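So the chains spell out like this:
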Amino acid sequence: MKKTIYRFFVDDAKEEAWLNEMSAQGWHFQKMRLCFYTFVKDESQQYIYRLELINGQPVKEQKEYITFLEDSGITIVQQFGGWIYTRKNATAGSYELFSDYTSKITYTKKELKISAFSLFPMAILGIVNFINAANRDDNFSYVCLLTAILCMIASILIILSTYQLYQRKKALEKQQQLFE
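Residues numbered from 1 in each chain as written. Predicted model: local features only at pLDDT ≥ 70, side-chain atom pairs only at ≥ 80, totals over all residues. Heavy atoms only, no water.

Undergrad: Talk me through the sheet that holds strand β6 (residues 83-89); I want residue IDs and the actual numbers.
TA: Strands sit in the order β4-β6-β5 across an open sheet of 3 strands; the sheet is antiparallel. Both edges of this open sheet fall to β4 (47-53) and β5 (75-80), since each of them pairs with a single strand only. Between one strand axis and the next, the sheet turns through 20° on average, direction left out of account. Sheet topology note: the β4/β6 ladder contains 7 bridges and is antiparallel. Bridging from a neighbouring strand, Y49 pairs with R87 of β6. Each of β4 and β6 is contacted by helix α1 (residues 12-24), which is oriented at about 160° to β4, the strand it contacts most. (Pairing = 2+ DSSP bridges. Helix = DSSP H or I, 4+ residues; strand = E, 2+ residues; numbered from the N terminus. Axes fitted to C-alpha atoms, helices over the stretch in contact; angles between N-to-C directions. Contact = heavy atoms within 4.5 Å.)

Undergrad: Pulling in residues and values, what's your account of the environment of D12?
TA: Relative to the helices and strands, D12 is located in helix α1. Judged by relative accessible area, D12 falls into the buried class, the value being 13%. In this structure D12 touches L51, W83, Y107, E111, L165 and R168, once residues within four positions along its chain are discounted. A distance of 3.2 Å separates the side chain of D12 from the side chain of R168, its partner in a polar contact. (Buried < 20%, exposed > 50% of the residue type's maximum accessible area, 1.4 Å probe, protein only. Polar contact = N/O pair within 3.5 Å; in protein donor to acceptor, adjacent residues only side chain to side chain.)

Undergrad: Before we move on, can you summarise the pattern of salt bridges with the specific residues and values?
TA: Counting across every chain of the model gives 8 salt bridges. For K169, the salt bridge goes to E173, with nearest N and O atoms at 3.1 Å. Placement of both K169 and E173 in helix α4 (residues 140-179) is noted, with a separation of 4 residues, approximately one turn of the helix. Among the residues examined, K169 registers a relative accessible area of 11% and is labelled buried. Taken together, the shared-partner salt bridges in this structure form one network comprising D11, D12, E111 and R168. (Salt bridge = Lys/Arg side-chain N within 4 Å of Asp/Glu carboxyl O.)

Undergrad: Describe in detail unusual backbone geometry, supporting the description with residues and values.
TA: Positive phi is not limited to glycine here, since L34 has a value of about 45°. On the secondary structure map, L34 appears in the loop between β2 (27-33) and β3 (36-41). At C35, a position not held by glycine, the phi torsion is positive, near 75°. For C35, the location among the structural elements is in the loop between β2 and β3.

Following this line, the structure appears as structure tokens:
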């Protein structure tokens, strides 16, 4: 049996936790397209899911890394928008893609850079479209206004995501100091 669920996530850690909750209920992630997640029911299995942003690495390194994960018994469920969705059978025990605080902090910094880098073009595009909408008197002004509003909404979501990533990085740094 299959089912598709609409979900929108700003935080990849929450998305990962949700996928693991669904697996605990016997629903296993199969694919995701534009916030629509497809699951297959199988109560005989339980998986542990992990997400990782591999965007920014050369294609050759991405392929080598994916081969390394697969050789380690990790299944690549999907690649989408620079993200990989991985899983491993829960009977094999828990697994982490980043096993120490330094690698977790480095990865979170990478996510922060990408998030911050994507904010500026989106915000500028929104501002430019607001200006275009204000300076026009034709039907195209409505298109500019709609585009500006959508860009500003996207900018706000990016800001929220960036803030959550920043909080995660600070928490990891605090934990690292406690355990060193």
